[in-house]
Amino acid sequence: MTTVLVTGGAGYIGSHACKALAAAGYVPVTFDNLSTGHRSAVRWGPFEYGDLKDLPRLQEVIRTWRPAAVMHFAASAYVGESVADPASYWRNNVQGSATLLEAMRLSGIEALVFSSTCATYGNHDSLINEATPQRPCNPYGRTKLAVEWMIGDHVAAYALRAVCLRYFNAAGADPDGELGEDHDPEPHLIPRILMAAAGRLPAVEIFGTALPTPDGTPIRDYIHVSDLADAHVAALKYLSGAAGFHAFNLGTGRGTSVLAMIEAAEQVTRRTIPRLLKPQRPGDPVQLVADAGAARTVLGLRTSRSSPETLIATAWPWFSPDGDRASRM
Ligand SMILES: NC(=O)c1ccc[n+]([C@@H]2O[C@H](COP(=O)([O-])OP(=O)(O)OC[C@H]3O[C@@H](n4cnc5c(N)ncnc54)[C@H](O)[C@@H]3O)[C@@H](O)[C@H]2O)c1
């Protein structure tokens, strides 16, 4: 069986990817410092504690498991936090990725799937495809773009093949109920909507209510985390036959406004969800929607679980007062 080193495998998307990898016959070895992830989410392969910036520790783990490829999820990933503390973002995301690339190069690992983001594009009114200029408007997006460039330079100079997957908004939870989204603090919209629905937050904030969108609230392209996870397995298989550097958007091509998502959640949960109207946040784009045609054609991307109703329905058990989340993690 092929072993894959999964940095950030204890986190939200990484843990779902480990489940998909194991289902596809790979052995996912999680490498994680548990800064935002959970040991209990590592259930489909071995766990190795460590920090990305620790080259000797990475080399030790690589020597032990001899992975054929790396999936690199580990990062700091909150826009607001990156605006307040950019230094920690440049250190963790860029220095961490540079160390990982060095460990891969020193041990001859030649295949990399990197978690990039729509935040590398910045503000664009129309659908975003992979040729859309990347003009990130916050430090988080700039650090992720810097890592894409670094990977591109390594591909050009060394024996590395890489796929950068630019996710739009990951959402939802494992349909089997074995994994979910568990951040503290939790900045993402759908968890916050459901925390407000469950009475764990007084209200869900809407940041920006008079924007140039049909209902005045920001528009995002939400993709189910299990659809994302499957796309990672497809990217790994694609890399076995593809040299060079490749980038794919992972989204649905459908934009949903914050207001529309709250209304979908009210339908699914059958609860009234209190709202708090707030100004747009610094660094927050008005709209981000993917043209994911390339991923559909080349990777066979499917987004069958990504409707707002399915996103909410799979995530709700994690937040509902009746849900038994603690016993599952
Ligand atoms: N959540 C989204 O909507 C979204 C969208 C686009 C891109 N992404 C990217 O996807 C990746 C995963 O995001 P997520 O939402 O699962 O985040 P997450 O915080 O749940 O997971 C990140 C994981 O990486 C680990 N980690 C962080 N820094 C580390 C370090 N220096 N060494 C070792 N482990 C470290 C954390 O402990 C955590 O387990 C990130 O790279 C993020 O930029 C996420």
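Residues numbered from 1 in each chain as written. Predicted model: local features only at pLDDT ≥ 70, side-chain atom pairs only at ≥ 80, totals over all residues. Heavy atoms only, no water.

Okay, the domain arrangement of the protein chain next. Interfaces are frequently sized by the accessible area removed from exposure as the parts join. Under the domain assignment used here, the protein chain contains domain 1 (3-171 + 222-250) and domain 2 (189-220 + 253-290 + 304-328). Once you take the C-alpha centre of each, domain 1 and domain 2 turn out to be 26 Å apart. Opposite the 23 residues of domain 1 that make contact, domain 2 presents 22 residues. Carbon and sulfur atoms supply 55% of the area that domain 1 and domain 2 bury against each other, a total of about 1800 Å² over both sides. By the criterion of area lost to domain 2, the three top residues of domain 1 are Tyr 222, His 224 and Asp 227, representing 38% of everything that side buries. Our enumeration of links across domain 1 and domain 2 arrives at two salt bridges. A salt bridge links Asp 227 to Arg 305; the shortest N-O distance between them is 2.8 Å. Inspection of the region where domain 1 meets domain 2 yields nine residue pairs in polar contact (both at pLDDT 80 or more). When contributions to the side of domain 1 that touches domain 2 are tallied by element, the ones reaching two or more residues are helix H3 (79-84), strand S7 (169-171), strand S10 (222-224) and helix H7 (225-239). Across the side of domain 1 that touches domain 2, the residue classes tally to 10 nonpolar, nine polar and four charged. (Domains from an automatic or database assignment. Contact = heavy atoms within 4.5 Å. Buried area = accessible area lost by both parts, 1.4 Å probe. Salt bridge = Lys/Arg side-chain N within 4 Å of Asp/Glu carboxyl O. Polar contact = N/O pair within 3.5 Å; in protein donor to acceptor, adjacent residues only side chain to side chain. Helix = DSSP H or I, 4+ residues; strand = E, 2+ residues; numbered from the N terminus. Nonpolar A, V, L, I, M, F, W, Y, C, P; charged D, E, K, R; others polar.)

Each strand in a sheet pairs with another by means of backbone hydrogen bonds, the pair being arranged parallel or else antiparallel. Reading across the sheet, the three strands line up as S12-S9-S14 and stay open at both edges, with mixed pairing between neighbours. Bordering the open sheet on either side are strand S12 (256-257) and strand S14 (287-288), each of which pairs with just one other strand. Where strand S9 (residues 219-220) lies against S12, two bridges are found, and the strand directions are antiparallel. Looking at S12, one finds that Ile 219 is bridged to Ser 257. (Pairing = 2+ DSSP bridges.)

Taken residue by residue, a regular strand's side chains alternate between the two faces of the sheet. Across the seven residues of strand S6 (residues 161-167), six count as buried, placing the element largely inside the fold. Pairing of strand S5 (residues 111-117) with S6, which is carried by seven bridges, proceeds in the parallel orientation. The partner of Ser 115 across the bridge, within S6, is Leu 165. Alignment of S6 against strand S11 (residues 245-250), held across six bridges, turns out to be parallel. Opposite Tyr 167, over in S11, you have Leu 250 as the bridge partner. (Buried < 20%, exposed > 50% of the residue type's maximum accessible area, 1.4 Å probe, protein only.)

In the vicinity of the ligand, 31 residues are found, and the nearest of them are Asp 32, Thr 36, Phe 73, Tyr 140 and His 183. Here the ligand has 830 Å² of accessible area as a free molecule, and 97% of this is covered by the chains. For the shell around the ligand, the secondary structure elements donating two or more residues are helix H1 (12-23), S5, helix H5 (139-157) and S7. At three residues, the largest contribution of residues to the shell around the ligand is made by S5. (Near = heavy atom within 4 Å. Areas by Shrake-Rupley, 256 points an atom, 1.4 Å probe, with all protein chains shown as cover.)

Take unusual backbone geometry next. For the bond running from Asp 184 to Pro 185, omega is 0 degrees, close enough to zero to count as cis. Looking at the element boundaries, Pro 185 is found in the loop between S7 and helix H6 (189-197). The phi dihedral of Arg 66 is positive, around 45 degrees, even though this residue is not glycine. For Arg 66, the position within the fold is in the loop between helix H2 (55-65) and strand S4 (69-72).

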